[in-house]
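Analysis of the macromolecular model
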Amino acid sequence: MRGKASGAASETALAERIASELRAAARFHARNGNGAVAEALHGGAHRHAREAALLWQRALSALKAPA
């Protein structure tokens, strides 16, 4: 089970990193007057953040499951 938890943890980190990069890109486009692009990127960031939260829950569940 720990292997699955480790995989989920790295997937979680990747999803968090993607969300962070999308938020940074959204801020850049918002500052430069590209509101529609900023909104689309912001929505993508929210989706990745939700995915990260779900993956984190799976990782915790895998750690708590009996071997």
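Shown above is the structure to which this text applies.
Attention here is on the structure that accompanies the text. The structure presented is a predicted model; accordingly, all values stated were derived computationally and were not measured.

Overview of the environment of alanine 24
Within the element layout of this structure, alanine 24 appears in helix 1 (residues 2–31). For the pair alanine 24 and histidine 42, spaced 18 residues apart in sequence, the C-alpha separation works out to 9.0 Å.

Structural notes on helix 2 (residues 35–64)
Over its 30 residues, helix 2 extends 44 Å from the first C-alpha to the last, a length consistent with the 44 Å expected when each residue adds 1.5 Å. Regarding helix 2, the residues found buried are Ala38, Leu41, Gly44, Ala45, Ala52, Leu55, Ala59 and Ala62.

Quick notes on the environment of leucine 54
Its location among the elements puts leucine 54 in helix 2. Considering only alpha carbons, one finds leucine 54 and alanine 25, 29 residues apart in sequence, at a separation of 23 Å.

Conventions we followed
- Residues numbered from 1 in each chain as written.
- Predicted model: local features only at pLDDT ≥ 70, side-chain atom pairs only at ≥ 80, totals over all residues.
- Heavy atoms only, no water.
- Helix = DSSP H or I, 4+ residues; strand = E, 2+ residues; numbered from the N terminus.
- Expected span 1.5 Å × (residues − 1).
- Buried < 20%, exposed > 50% of the residue type's maximum accessible area, 1.4 Å probe, protein only.

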